[in-house]
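# Observations on the model geometry
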Amino acid sequence: MSETIPYVPPKVWKWEQPSGGQFANINRPVSGATHEKDLPVGKHPLQLYSLATPNGVKVTIMLEELLALGFEGAEYDAWLIRINEGDQFSSGFVGANPNSKIPALVDTSTTPPTRVFESGSILLYLAEKFGAFLPEDPAARTETLNWLFWQMGSAPYVGGGFGHFYFYAPEKFQYPIDRFTMETKRQLDVLDKTLAERPYIAGDDYTIADMAIFPWYGGMVLGRSYDAAEFLSVHEYKHLVNWAQKIDARPAVVRGRKVNRTWGDDHEQVPERHDAADLDAKQVLESAAE
């Protein structure tokens, strides 16, 4: 039986080989564009460049919720950014988000157009622009932002930590899996205990905090993330599961989850969305399949 040779970090790290795993072809230690390509621009006030990862879904849920409330200015074009193919490193996308991460939003209703990047910033921008899903009361507003920023700071441990080492990494090692499983379950417990005391994350009302947290943690307890529901014993978090099921049933959430999606059942995929009819057509197909 061969022994594993422990890794000894060099005095100075150098990028000498791909990191391995599913995203090895796009991981690199430098920023900036790799190729010249302008971003497409559609007819609507808001231009979204994204993919239906949890961070991308936050924004499409928000936009669909705004449209459901009748805000015509929230009409949007959703352009597909295939991150596995490096679309996020085009010169146009880097101009919209120098960090080369989805989602990126450009508001063409302003002069000059306003770029907004980082999913939490986009949710806050849209909430303030339309005066929706963010309480006006200072205490309630602060509690909503507490949870919005909690999600932004916590989810990297789930995605880049637990998800990477448990699901994506080419080799499995106990130490990182144990480390990030412990933290992921602690976060699930935080949410479960919070939702034992109130119907929504920040209080009595549905807010951008729910929209930010649902795609990550709701998806996890609903069995959609990393094939890890049994491993994490998600059934233990009953209040969180009930909340996730409630959010998942909202019509705008059902619609938002489909936008920029390129995997799963065909009737759940709307790679690009330029009109409400793009989603309605999928709804017709879904109804016909039932």
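One can find the structure itself at the top, above this paragraph.
Description of the structure in this document. (Residues numbered from 1 in each chain as written. Predicted model: local features only at pLDDT ≥ 70, side-chain atom pairs only at ≥ 80, totals over all residues. Heavy atoms only, no water.)

### Brief notes about the environment of Ser90
So the rule is basically this: Put simply, DSSP H or I for four residues or longer makes a helix, DSSP E for two residues or longer makes a strand, and each gets a number counted from the N terminus. Contacts were defined at the residue level, with two residues in contact if any of their heavy atoms lie within 4.5 Å. The term polar contact refers here to a pair of N or O atoms within 3.5 Å; inside protein, the definition further demands a hydrogen-donor-capable atom paired with an acceptor-capable atom, and it admits residues adjacent in sequence only when both atoms are side-chain atoms.
Its location among the elements puts Ser90 in the loop between β2 (76-80) and α2 (91-96). Sequence-wise, Ser90 and His44 are 46 residues apart; in three dimensions their C-alpha atoms are separated by 22 Å. For Ser90, the contacting residues outside a window of four places in its chain are Ala33, His35, Lys37 and Leu39. One polar contact links the side chain of Ser90 to the main-chain amide nitrogen of Phe93, over a distance of 3.1 Å.

### A closer look at the sheet that holds β2
So the rule is basically this: At least two bridges found by DSSP between two strands are what make those strands a pair. Think of each axis as a best-fit line through the C-alpha atoms, taken over the contacting stretch in the case of a helix, with angles from 0 to 180 degrees between the N-to-C directions.
In space, the four strands of this open sheet follow the order β2-β1-β3-β4, with mixed pairing throughout. Since the sheet does not close on itself, it has two edges, and those belong to β2 and β4 (114-117), each with one partner. Strand after strand, the sheet turns through a mean of 20 degrees between neighbouring axes, direction not considered. Pairing of strand β3 (residues 104-107) with β4 involves four bridges; the strand directions are antiparallel. Its bridge partner being in β4, Ala104 is matched across the sheet by Phe117. The strands touched by helix α1 (residues 54-68) are β1 (46-50) and β2; relative to β1, the strand with the most contacts, the crossing angle is about 150 degrees.

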